[in-house]
Amino acid sequence: MPAQGKHRRPKSTSLGRGLAAVTAGGAVLALPVIGATSAFAAPAPAAAPQAVAPAAVVAQANSAAKAAPAKHSVVAGETLSKIAREYSVSGGWKKLYEGNRKIVGSNPDLIHPGIKLVIGAKSAASSDDKSSKASPSAARGASADRADRSERIDAAPVAKAAPAAEKEAVTYTNDLDGWIKESLAVMAEQGIPGTYEGIHRNIMRESSGNPAAINNWDSNAVKGTPSKGLLQVIDPTFQAYHVPGTSTDSYDPVANITAACNYAADRYGSIDNVFGAY
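In this text, all values refer to a predicted model and were calculated from it rather than measured experimentally.

Conventions and cut-offs
Residues numbered from 1 in each chain as written. Predicted model: local features only at pLDDT ≥ 70, side-chain atom pairs only at ≥ 80, totals over all residues. Heavy atoms only, no water. Phe/Tyr/Trp six-rings, centres within 6.5 Å; stacked < 30°, edge-to-face > 60°. Helix = DSSP H or I, 4+ residues; strand = E, 2+ residues; numbered from the N terminus. Buried < 20%, exposed > 50% of the residue type's maximum accessible area, 1.4 Å probe, protein only. Contact = heavy atoms within 4.5 Å. Axes fitted to C-alpha atoms, helices over the stretch in contact; angles between N-to-C directions. Parallel < 35°, antiparallel > 145°, perpendicular 65-115°, else oblique. Left-handed = near helix turned anticlockwise from the far one by under 90°. Nonpolar A, V, L, I, M, F, W, Y, C, P; charged D, E, K, R; others polar.

Draft legend 1. A look at the packing of aromatic side chains. By the definition in use, this model includes two aromatic pairs. Relative to Tyr263, the ring of Tyr241 lies with its centre 5.3 Å away and its plane at 75°, an arrangement referred to as edge-to-face. One end of the pair, Tyr241, is in helix H11 (residues 235–241); the other, Tyr263, is in helix H12 (residues 253–268), with 22 residues separating them in the sequence. Residue Tyr241 is classed as partly exposed on the basis of its relative accessible area of 21%. Judged by centre distance (6.0 Å) and plane angle (40°), the ring pair of Tyr263 and Tyr278 falls under tilted. With a gap of 15 residues between them, Tyr263 in helix H12 and Tyr278 in the segment after H12 connect regions that are remote in the sequence.

Quick look at the structure:
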């Protein structure tokens, strides 16, 4: 069987195909056509860098100045213990007295109406010292940030930190219920035992809840030291067991209750253990 011839079709390039075209009018030269596959895409524009808030500005926002210390003008009938509880002073009346010793004087039990007490005064020296001791690298960074910030017109403003909410002060009603509750708060600070029920029971027996009650007919009255106040305390006992931070007036309800409970704790273990004359 005769061998079949192998015919190879010569490869034609796009250039060869585009060189000549025969028409009825003759040969016409044609320019080569560049394929779409040889086209190159234009490079995408680089994304604009995002604006970064300067570190120095953020640091300034985070180190906002603290609120100034509060000032309290003393009115008649107030005590350091009562004021300390109203402002929730950490450390109680002793801490308040330490910060206002020059104003109050040597006797913390005697505060005059009209004097102004500073509540929670703190020195700002520590924060100023930290600012003055910034490292050289941080200073250089802050300088670069300022130069960079001058070139950005539409920089977003930095939000200021919201001030911390002040702790709500505890207030008591000016009645028997409020006097007992305030006395219990003072007793808790001083470690004096006693309960609401024990105090209330003895008050109702001794004075029926009248803070101005006085006994002018018993043996104590005959000796010149009548029993006074809600829990009928004589002056020598009141002075010996007076609780610092309360009023020095034995008729003051809170001072009278706390002194009597302090005496009862020393003699009977607690006012709760008292069920008759004491």
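Draft legend 2. Looking closely at the environment of Lys71. Residue placement: Lys71 occurs in strand S3 (residues 70–73). Taking the C-alpha atoms as reference points, Lys71 and Ile119, 48 residues apart in sequence, are found 5.8 Å from one another. In contact with Lys71, other than residues within four places in its own chain, are Tyr87 and Leu117.

Draft legend 3. Region of the structure containing unusual backbone geometry. One non-glycine residue, Ser208, lies in the positive phi region at around 60°. Mapped onto the fold, Ser208 is located in the loop between helix H9 (196–206) and strand S5 (214–215). In this structure Ser208 comes out as exposed when scored by relative accessible area, which is 55%. A positive phi angle is found at Gln232, which is not glycine, with a value near 50°. With respect to the secondary-structure elements, Gln232 resides in the loop between strand S6 (227–228) and H11. A relative accessible area of 12% places Gln232 in the buried class.

Draft legend 4. Structural detail: the packing of helix H8 (residues 176–190) against H12. Two elements in contact, H8 and H12, have axes separated by 9 Å at closest approach and are oriented at 50°. In terms of orientation, H8 and H12 fall into the oblique class. Along this stretch, H8 crosses H12, giving a crossing that reads as right-handed. Listed contacts from H12 to Trp179, Ile180, Glu182, Ser183, Val186 and Met187 of H8 are Pro253, Val254, Ile257, Thr258 and Cys261. Residue composition of the contact of H8 with H12, grouped by class: eight nonpolar, two polar and one charged.

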